[in-house]
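# Observations on the model geometry
What follows is each chain in one-letter form.
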Amino acid sequence: MYGINIFDKIKMPIDWAIVYYGINNEILSIDIAQEFACRKLEHGEQMSEEELELSWNSKNRLDVLELIEKILDIQGNIDESIEKAKDKIRIAIIIYLRDTEKDTTKLLEQIDIIYADFGYPVDMENFISYMPNNDEYIPSNHTFGDNRNYLLSKLDDFIDKKTEKYHLKRII
């Protein structure tokens, strides 16, 4: 499970939809709810009763999710917010892995797992090791190292597009 630091490293603002999706799908640690609520408190933001409760009571997963659901109900557009949250968490994890995993083989294996965990998103197919290429590149004409570098370049292109889309800044 990941913590709030994966968002901090890329300057991605988080919201309750991200926290909810991440905890509900066991991608993010339950502690992120308390950390996020405490940050809001520290910044003097106006907080609901549910957010105040999350700032000190975040041990029971079901209780935490129920409180966040109440917050999301008030905010509205839950389905749209959850879809955006899913994409933001996915890109935060991918950037985190790209920036921290130095073993290329392990990195690509972890990216393959993220691809499966997030429901096989089409926009990731270009850098998934077992997916066929949809461009002119023919892996059988290249070495293993060349193929790995090709996948990494496609991964980096994806990261660049998502970084631009969400106005992120990578801190390496």
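Preceding this paragraph is the structure being described.
Residues numbered from 1 in each chain as written. Predicted model: local features only at pLDDT ≥ 70, side-chain atom pairs only at ≥ 80, totals over all residues. Heavy atoms only, no water.

### Some remarks on the environment of Ser 129
Note the following rule: Only runs of H or I of at least four residues qualify as helices and only runs of E of at least two qualify as strands under DSSP, and these elements are numbered from the N terminus. With a 1.4 Å probe rolled over the protein chains alone, any residue whose accessible area is under 20% of its type maximum counts as buried; one over 50% counts as exposed, and the rest are partly exposed. In this analysis, two residues are considered to be in contact whenever any of their non-hydrogen atoms come within 4.5 Å of each other. Any pair of N or O atoms that falls within 3.5 Å is considered a polar contact. Within protein, one atom must be able to donate a hydrogen and the other to accept it, and sequence-neighbouring residues count only if both atoms are side-chain atoms.
Mapped onto the fold, Ser 129 is located in the loop between helix H7 (104-117) and helix H8 (144-165). The exposure class assigned to Ser 129 is partly exposed, which follows from its relative accessible area of 42%. In this structure the C-alpha to C-alpha distance between Ser 129 and Asp 112, which are 17 residues apart in sequence, comes to 7.0 Å. Those residues within four positions of Ser 129 in sequence are excluded, and the remaining contacts are Asp 112 and Leu 151. Here Asp 112 takes part through its side chain, which lies 2.5 Å from a polar atom of the side chain of Ser 129.

### So, the layout of surface pockets
To be explicit about the condition: A pocket, in this scheme, is an open set of points on a 1 Å grid over the protein atoms alone with protein on both sides within 12 Å along at least 5 of 7 lines, while a cavity is a set where a 1.4 Å probe fits but cannot get out; residues line either one if an atom lies within 4 Å of a point. Grid points are joined across faces, edges and corners, and a volume is the space filled by probe spheres set on the points. Classification convention: Asp, Glu, Lys, Arg as charged; Ala, Val, Leu, Ile, Met, Phe, Trp, Tyr, Cys, Pro as nonpolar; all other residues, Gly among them, as polar.
The calculated volume of the largest pocket comes to roughly 260 Å³. Forming the boundary of the largest pocket are 17 residues, of which Leu 108, Ser 129, Asn 147, Arg 148 and Leu 151 lie nearest the centre. At the level of secondary structure, the elements contributing two or more residues to the lining of the largest pocket comprise H7 and H8. The element that contributes the greatest number of residues to the lining of the largest pocket is H8, accounting for 5 residues. In terms of residue class, the lining of the largest pocket is made up of 8 nonpolar, 5 polar and 4 charged.

### Here's the deal with helix H5 (residues 61-75)
The test is simple: The length a helix should cover is 1.5 Å for every residue beyond the first. In this context, the arc is that of the directions from the helix axis out to the C-beta atoms.
Along its 15 residues, H5 runs 21 Å from first to last C-alpha, staying within 8% of the 21 Å computed at 1.5 Å per residue. Taken together, the buried positions of H5 are Val 64, Leu 65, Leu 67, Ile 68, Ile 71 and Leu 72. Angular distribution of buried residues about the axis of H5 spans 160 degrees; they occupy a single face of the element. For H5, exposure combined with an orientation more than 90 degrees from the buried face picks out Leu 62, Asp 73 and Ile 74. Between a side-chain oxygen at the N-terminus of H5 and the backbone nitrogen of Leu 62 the separation is 2.9 Å; the capping residue is Asn 60.

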